[in-house]
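So you can see what is in the structure, the chains are spelled out below.
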Amino acid sequence: MTDLLCMGEPMLEFNQQPADREGRLLYLEGHGGDTSNAAIAAARSGASVGYVTAIGTDAAGESFMALWAREKVATETVIRRPVAPTGIYFVTHGPAGHNFTFYRAGSAAALYRPQEVPEDAIRAARILHVSGISQAISESACDAVFHAIHVAREAGVRVSYDTNLRLRLWPPARAAAVIHAGIALADIALPSLDDATALTGLTEPDAVMDFYLRLCPLVLLKCGAAGCIVATREGRTHIPAHRVAAVDATGAGDTFAGALLARLLAGDEPVAAARYANAAAALSTTGYGAVAPIPREAAVRALLAG
């Protein structure tokens, strides 16, 4: 059994690279999926981590099984489906940042059902981590996440919820209703400022934190280049961003989540855990892809010490 269980959909990634001499776009194969990225980030920071999902018996699924084995992410709660594929996505880059194109309809993870939730593994964990994407991919997956959350709460297991809003997956009103219902059942909320604005219509960080603190006792507001804000009902702390040579922000928020949860499990107070997570997220932007640039603890400590 593991201390942290992450639940959601992994996706094989193809990340745009600089064009070759003939102007052809090149794509680097990698791995993605928000909660899988968070699981790997937590494992690289020393946490005991497992993953809850379903993947195909295809080459992409085999690639994920090999990845999780290398990263020491436990896979006892991973279902293999011969009848459905593992999802894939493409990342392209432009002046406005990175853009995603997904191919996930009918994926193995989208077929996930409440009766497949590994209740014993959740009860044995210390934190369950889910996201808006975990619930957006299908109605059955949405219900499965709610069931997992209720199992965790009944067992006294903390719940972490990352908004990770993807409006291509569901209408705004449904997204807001489901995500806010999930956060109201969580102990740790991880909205980004952009997500929060889309979900609530609020633009000022203090107003956003007021909103989410009414739902959840600990809010980590991710503000991109402006860093992050740690908010409880007793006070708020702003943590500035680190200056790094960023090239690709894919997975930075996921790295923040996984690194934060690893440090909370290690006994850090929320502000100390957020300082560590903030540095880890910054380092994750210095390479291409969601997984490859996720730093290990020594690199994060070096940035914090510098």
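Cut-offs used in this document
Residues numbered from 1 in each chain as written. Predicted model: local features only at pLDDT ≥ 70, side-chain atom pairs only at ≥ 80, totals over all residues. Heavy atoms only, no water. Phe/Tyr/Trp six-rings, centres within 6.5 Å; stacked < 30°, edge-to-face > 60°. Helix = DSSP H or I, 4+ residues; strand = E, 2+ residues; numbered from the N terminus. Buried < 20%, exposed > 50% of the residue type's maximum accessible area, 1.4 Å probe, protein only. Axes fitted to C-alpha atoms, helices over the stretch in contact; angles between N-to-C directions. Parallel < 35°, antiparallel > 145°, perpendicular 65-115°, else oblique. Left-handed = near helix turned anticlockwise from the far one by under 90°. Contact = heavy atoms within 4.5 Å. Pairing = 2+ DSSP bridges. Disulfide = S-S within 2.5 Å.

### Some words on the packing of aromatic side chains
Reasoning step 1: Counted according to the given criterion, the structure contains seven aromatic pairs.
Reasoning step 2: Plain terms: the ring middles of Tyr89 and Phe102 are 5.6 Å apart, the flat faces sit at 35° to each other, and that makes the pair tilted. Here the residue Tyr89 occupies a position in strand β7 (residues 87–94), and Phe102 occupies one in strand β8 (residues 97–103), the gap between them amounting to 13 residues.
Reasoning step 3: The class of Tyr89 is buried, set by a relative accessible area of 4%.

### Some thoughts on the packing of helix α1 (residues 34–44) against helix α9 (residues 252–265)
Reasoning step 1: Between α1 and α9, whose axes approach to 7 Å, the crossing angle comes to 45°. Overall, the two elements α1 and α9 adopt an arrangement that is oblique. Crossing geometry of α1 relative to α9 is assigned as right-handed. Contacts between α1 and α9 involve Asp34, Asn37, Ala38, Ala41 and Ala42 from the former and Asp254, Thr255, Ala257, Gly258, Ala259 and Ala262 from the latter.

### Regarding the pairing of strand β1 (residues 4–7)
Reasoning step 1: The alternating pattern of β1 places Leu4 and Cys6 and Leu5 and Met7 on opposite faces, both of which are buried.
Reasoning step 2: Direction of pairing for β1 relative to strand β9 (residues 127–131): parallel, over a ladder of three bridges. The residue of β9 that forms the bridge with Cys6 is His129.

### Let's talk about the sheet that holds strand β2 (residues 11–17)
Reasoning step 1: If you trace the four strands from one edge of the open sheet to the other, you get β3-β2-β7-β8, paired in mixed fashion. Taken across any chain shown, the strands that pair with only one partner, and hence form the sheet edges, are β3 (26–32) and β8. Recorded for the sheet is a direction-independent mean angle of 25° between the axes of neighbouring strands.
Reasoning step 2: Relative to β8, β7 is paired through seven bridges, and the arrangement is antiparallel. If you follow Val91 over to β8, its bridge partner there is Phe100.

### With respect to the state of the cysteines
Reasoning step 1: Tallied over the full model, the rule gives zero disulfides.
Reasoning step 2: Between Cys142, a free cysteine, and Cys216, which holds the nearest cysteine sulfur, the sulfur-to-sulfur gap is 18 Å.
Reasoning step 3: Its relative accessible area of 3% is what places Cys142 among the buried residues.
Reasoning step 4: The structure places no disulfide on Cys228, whose sulfur is separated from the nearest cysteine sulfur, that of Cys223, by 7.4 Å.

Remember that the coordinates give geometry; whether it matters functionally is a separate question.
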